[in-house]
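# Fold and contact review
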Amino acid sequence: MAETKAETLDELSEKLRSQLLLIDGKPSDKLARRRTLEALLKVVEAAPVPTEAGNAPSDSPAPEPALPITEVVQCLSDPSERCRELAVSVLSAWLARLTDRRPLWPPLVAALRQRLAAPQPQPAEPSEEVRLQLVRLAGQLVDSDGAQLAPYLDHLVAILAAALADPSPDLKTAACQATGRLARSLPRHFHLQSASLVPPLLRNLAHQRWRVREPCVRALGDVVQFGDNSTVRDAVSHMAQRMFDQVPQVRLAVTEVAGRWLVELPDRYSFFAKILPLLLTSLRDGAASVSERAEQLWEEAGRQYLAENEEENRQLINYPAPPPDGYPAQYSRPPLGCRLLAQRCFCTLLPGALADLTDWVAPTRLKVAQLLHVLVLHQETAVTQHLQKLVPPLTAALGDDEQEVVHWVTRTAELLGCFVPDSALTEVVLKPITGEGASTGRQLLLLAACLRGRPQRHLVAEQVAETVSARDVCQSHEPERQRGLLAVTAALLDSGPDLPTGAVPPLFALLVTVAGHADTESETADTAAALLSRLAEVAGRSEAALLSELGPPLLQRLAEDAELWTAASSDLLTLLALLRCSASPPESVLRPSLPVLAACCRPDRPAPLRLACFSQLCRLVTVCPPAVIRPLLHSVTDDIVAPSLVWHPGRSDAAIRTAALALLLAELQVPELAAAELTADHEKLLTAVVGLLEDESRKTRLFCARAIRSLLLLTLPGSLPVQLLHNTATELLKRLDDTDGEVRLCAAGAVPALVTALGPDYCGQQWRGHVEHFAQTLFVFLDDADERLQQLAYEALLSVGRLNAAVVCEQTNVHRDKQRSPARCDQLLRALTPAGAGGQ
């Protein structure tokens, strides 16, 4: 068999020589050279490929046929692109079949450098496809004989550096792959030449194609690991930018390179602080493949670090510390080696991380927030000594525009609450909320996050509640601070039954204050109401019972400065919110609040303040049960409503008169109301209301007409002075010609009540003139264009007819022919004729 093989190789050698002679014989015939190279390629490809056992050159290699290496290498400079391609293919096939490739190294490496890395502006090889073949040929040479190519390292580095700078993406990819293999093949020599490969690799890290960036990251990892350690700093900064890459494969490559550096990089202890952020940030990557791989590499690095420092950490290994109390269930505790390695670099990483937390680029802030979360998780209780540095940047980051950044900062603050003792937490986080500097919503949000992470928050609940319920903290219209206050309250209420009793009153005051300063129908107000119900549940009482118990003390505290209130006073807003806490406030809250509101409605108080109090009183009168509100109506009417009905010029006073009339109408709607319960001087109240029937405000005139009707129905017939009723009738009849249709209807509807109030004795001849006046005025509107007003005028004439039917019948006959339609007059006569006959 050996003789047969030798013969076969001899025959192959002769064929190769004959084919090369053909090439030399026709140097100017391009077609002939191409055909000769094609024939040569077929002959080479037909040769057997050696097995792996004989694929490496040995000190005593077997005899090889004399191959025309020089002639084929010369064909790499052939003018014909096809001939150059065939020459590369022949050399590649030879390279795969020769067992002793050492004779091929010198001419092949020199030709590759001449074609790819010659010192000229453009490469000697103009064809992109041929350049790609040449780079792949260089990679094949590195794969087959990389460990033996130390003498040619400078040439290979120059070739690959030129290829990395080539504009072709495919060529860059092939060069990156060959560069990584070359670095791994010659680790002992590569560091001498590695520096020249770093700049082109760094430039390619930002290539637009991810299929170039991904192998470039891996090649850079090999070049740095097996090259000069001085390039680590430059490489890490560029690799960090790839952590923001949109393609998960690129981020995965960075993660794997960083994980390998932590385990295999020479002098890695000097660069732990540079490399750790690359891997730790990947633990919170959005792609599961990246985060899972990062976790595997991180645990491997932790195990190796612990093994290398076993003696120094013997105590921790033999007697492991238990997890801190209340360790978050959603996290698995990192291994000891990982925690020690992270703690080693925490002091170095913290300043830069906190500075980047305010970076102008949002993705940078997000990555830094995720990194801080991982670092604090590994620090555990050791983070206490860094709390002073952490709190201000975290507080500022809670106001970030990116919700993802806020999310991770909040989770970091929750970890601080778990790991930091109560004394440090209150000193660093709680104490700055009060004092000379005004607290911000972000400080409160940070406090709330720390409390949520606190396993035994009830121990500090009372102190926190007293602090945040202080007036200078909770009295604010800022939405952010309101959210922070509600977040702190919700965190304290999560204590459940463990919430101290002493924390309930300040939390109640806090929620009422926030509700008062928030917009009435806003989400903040709804959240405050929901938390108030939850507070009652935690305290073991109903919401009404809680309001009855804690409302009066709060009301007493609020009313201390009532004389100084304006419409924007925080205490007033809190009082109004307290009265809105329940659909029907208990009497223990309602009774002491009325004198305060009455004092605020005095004419000498600011108009906006009076309007706000009128509005709240109107609501209370409407919603409270009659048994509760009826005993208080007397003081409301005489002390609040009546003084406000006096006419004064100005828009503000006009609005107050309207509000006072609205409150009076609400009082008159109380069921089973008696005149004595409403006011002590019914005559004076009616006089004041009648005096406003000519007010400029349409709404005031409307409310007056309605109030007059209700007041007249409330009194006993004949109990009011006749002259007052005459004046009232005169003003009401004038309103029948009002510019507003609704006012006209209400005025007409009040006439029957007025007739009833005149009493049964108002039927003598001395009142005949007044009855005629009533009838004459009403007949004008019996023919009105508004059918509703016609009906009300008809009903009013019927009621007047009960006073003196003869007069009304007489006036009916007078006005019948003047009406557009006599139908209603005829109807009125039919209704009054029996009565008219009796009256005459």
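Residues numbered from 1 in each chain as written. Predicted model: local features only at pLDDT ≥ 70, side-chain atom pairs only at ≥ 80, totals over all residues. Heavy atoms only, no water.

Tallying secondary structure elements over the protein gives 43 helices and zero strands in all. Radius of gyration (C-alpha) of the protein: 49 Å, far over the 28 Å computed for a compact globule of 840 residues. Its C-alpha atoms put the protein at 160 × 75 × 45 Å along the principal axes. Classification of the 840 residues of the protein by burial places 53% in the buried group. Summarising the internal contacts of the protein: among those between residues at least 6 apart in sequence, 73% fall at separations of at least 24. Accessible surface for the protein amounts to roughly 37300 Å². Of this, 52% is attributable to carbon and sulfur atoms. Charge-centre separation for the protein: the mean point of 81 positive side chains lies 4 Å from the mean point of 100 negative side chains. (Helix = DSSP H or I, 4+ residues; strand = E, 2+ residues; numbered from the N terminus. Rg over C-alpha atoms; globule rule 2.2 N^0.38 Å. Buried < 20%, exposed > 50% of the residue type's maximum accessible area, 1.4 Å probe, protein only. Contact = heavy atoms within 4.5 Å. Areas by Shrake-Rupley, 256 points an atom, 1.4 Å probe, with all protein chains shown as cover. Lys, Arg positive; Asp, Glu negative; His and termini not counted. Charge placed at Lys NZ, Arg CZ, Asp CG, Glu CD.)

Once that is clear, we can look at a negative patch on the surface. Among the surface-exposed residues, Glu81, Glu128, Glu129 and Asp170 lie close enough to one another that they form a single negatively charged patch. Note that Glu81 resides in helix 4 (residues 81–97). Under the relative-accessibility criterion, Glu81 is labelled partly exposed at 35%. (Patch = residues over 30% accessible without salt bridge, like charges linked within 9 Å, V, L, I, M, F, W, Y side chains within 5 Å. Salt bridge = Lys/Arg side-chain N within 4 Å of Asp/Glu carboxyl O.)

Further remarks concern the packing of helix 5 (residues 105–116) against helix 6 (residues 128–145). With their axes 11 Å apart at the nearest point, helix 5 and helix 6 run at an angle of 145 degrees to one another. As for the relative orientation of helix 5 and helix 6, their crossing is left-handed in sense. Seen from helix 5, the contacting residues are Trp105, Leu108, Val109, Leu112, Arg115 and Leu116; seen from helix 6, they are Arg131, Leu134, Val135, Leu137, Ala138, Leu141 and Asp145. Split by residue class, the contact of helix 5 with helix 6 holds 10 nonpolar, no polar and three charged. (Axes fitted to C-alpha atoms, helices over the stretch in contact; angles between N-to-C directions. Left-handed = near helix turned anticlockwise from the far one by under 90°. Nonpolar A, V, L, I, M, F, W, Y, C, P; charged D, E, K, R; others polar.)

Taken as a whole and assessed by the stated rule, the structure comprises five aromatic pairs. Counting every residue linked through ring pairs, the aromatic cluster contains Tyr269, Phe272 and Tyr305. (Phe/Tyr/Trp six-rings, centres within 6.5 Å; stacked < 30°, edge-to-face > 60°.)

Where a protein is soluble and globular, its nonpolar side chains tend to be buried together. Judged by nonpolar contacts, the single largest core of 277 residues is most densely connected at Trp298, Phe508 and Leu535. Residue contributions to this core peak at 11 residues, all from helix 17 (residues 336–356). In contact with Leu535, not counting residues within four places along its chain, are Leu493, Leu499, Val504, Leu507, Phe508, Leu511 and Leu546. (Core = buried A, V, L, I, M, F, W, Y, C linked by side-chain atoms within 4.5 Å.)

Phi at Asp267 is positive, roughly 55 degrees, even though this residue is not glycine. Following the sequence through the fold, Asp267 ends up in the loop between helix 13 (248–264) and helix 14 (272–282). Taking relative accessible area as the criterion, Asp267 reaches 52% and is therefore assigned exposed. Despite not being glycine, Glu380 has its phi angle at roughly 55 degrees, a positive value. Glu380 gets classed as buried once you look at its relative accessible area, which sits at 7%.

For the rest of this paragraph, the subject is the packing of helix 30 (residues 587–600) against helix 31 (residues 607–623). With their axes 9 Å apart at the nearest point, helix 30 and helix 31 run at an angle of 150 degrees to one another. For the element pair helix 30 / helix 31, the angle class is roughly antiparallel. Every pair of crossing elements has a handedness; the one defined by helix 30 and helix 31 is left-handed. Side by side, helix 30 and helix 31 meet where Leu590, Leu594, Leu597 and Cys600 of the first sit next to Leu609, Arg610, Cys613, Leu617 and Leu620 of the second. Across the contact of helix 30 with helix 31, the residue classes break down as eight nonpolar, no polar and one charged. (Parallel < 35°, antiparallel > 145°, perpendicular 65-115°, else oblique.)

Right, let's talk about helix 13 for a bit. Taking 1.5 Å of rise per residue, the 17 residues of helix 13 would be expected to cover 24 Å, and the 24 Å separating its terminal C-alpha atoms lies within 8% of that figure. Counting buried positions over the 17 residues of helix 13 gives 12, a clear majority of the element. Those residues of helix 13 not exposed but buried are Val250, Arg251, Leu252, Ala253, Val254, Thr255, Val257, Ala258, Gly259, Trp261, Leu262 and Val263. Those residues of helix 13 that are buried are in contact with helix 11 (210–226), helix 12 (232–241), helix 14 and helix 15 (288–308). (Expected span 1.5 Å × (residues − 1).)

Here we come to helix 7 (residues 153–164). Look at helix 7: 16 Å from first C-alpha to last across 12 residues, which is about the 16 Å you get at 1.5 Å a residue. Within the span of helix 7, buried status applies to Leu153, Leu156, Val157, Ile159, Leu160, Ala161, Ala163 and Leu164. Along its buried surface, helix 7 packs onto helix 5, helix 6, helix 8 (169–185), helix 9 (187–190) and helix 10 (198–204).

Attention now moves to the state of the cysteines. All chains considered together, the criterion is met by zero disulfides. Looking at Cys75, it has no disulfide partner, and the nearest cysteine sulfur is the one in Cys83, 7.1 Å off. Here Cys216 stays free of any disulfide, with the sulfur of Cys176 as its closest cysteine sulfur at 4.3 Å. (Disulfide = S-S within 2.5 Å.)

Along the chain, the position of Arg610 falls in helix 31. According to the relative accessible area criterion, Arg610 is buried, its value standing at 5%. Considered as a pair, Arg610 and Leu201 are 409 residues apart in the sequence and their alpha carbons are 76 Å apart. When near neighbours in sequence (up to four residues on either side) are disregarded, Arg610 contacts Cys600, Cys601, Arg602, Pro603, Arg605, Ser644, Asp653 and Ile656.

Turning our attention to the environment of Val628. Structurally, Val628 is set in helix 32 (residues 626–629). A C-alpha to C-alpha distance of 8.1 Å links Val628 and Pro586, two positions 42 residues apart in sequence.

Summed over all chains, the structure comprises 41 salt bridges. Across the salt bridge formed by Arg242 and Asp245, the nearest N and O atoms sit 2.7 Å from each other. Arg744 is the salt-bridge partner of Asp784, the closest N and O atoms lying 2.6 Å from each other. On the criterion of sequence distance, the pair formed by Asp784 in the loop between helix 40 (768–782) and helix 41 (787–801) and Arg744 in helix 39 (residues 741–758) is long-range, its members being 40 residues apart. According to the relative accessible area criterion, Arg744 is buried, its value standing at 16%. Taken together, the shared-partner salt bridges connect Glu214, Arg218, Glu256 and Arg293 into one network.

Note on placement: His682 falls in helix 36 (residues 682–690). At 3.2 Å, the side chain of His682 forms a polar contact with the backbone oxygen of Leu711. If sequence neighbours within four positions are ignored, His682 has contacts with Ala675, Leu711, Leu714, Thr715 and Leu720. (Polar contact = N/O pair within 3.5 Å; in protein donor to acceptor, adjacent residues only side chain to side chain.)

Scored by pLDDT, the protein comes out at a mean of 85, with 92% of its residues at no less than 70. Taken as a whole, residues 22–27 scores under 50 in pLDDT and shows eight contacts with residues more than four places along the chain or in a different chain. (pLDDT = per-residue confidence, 0-100.)

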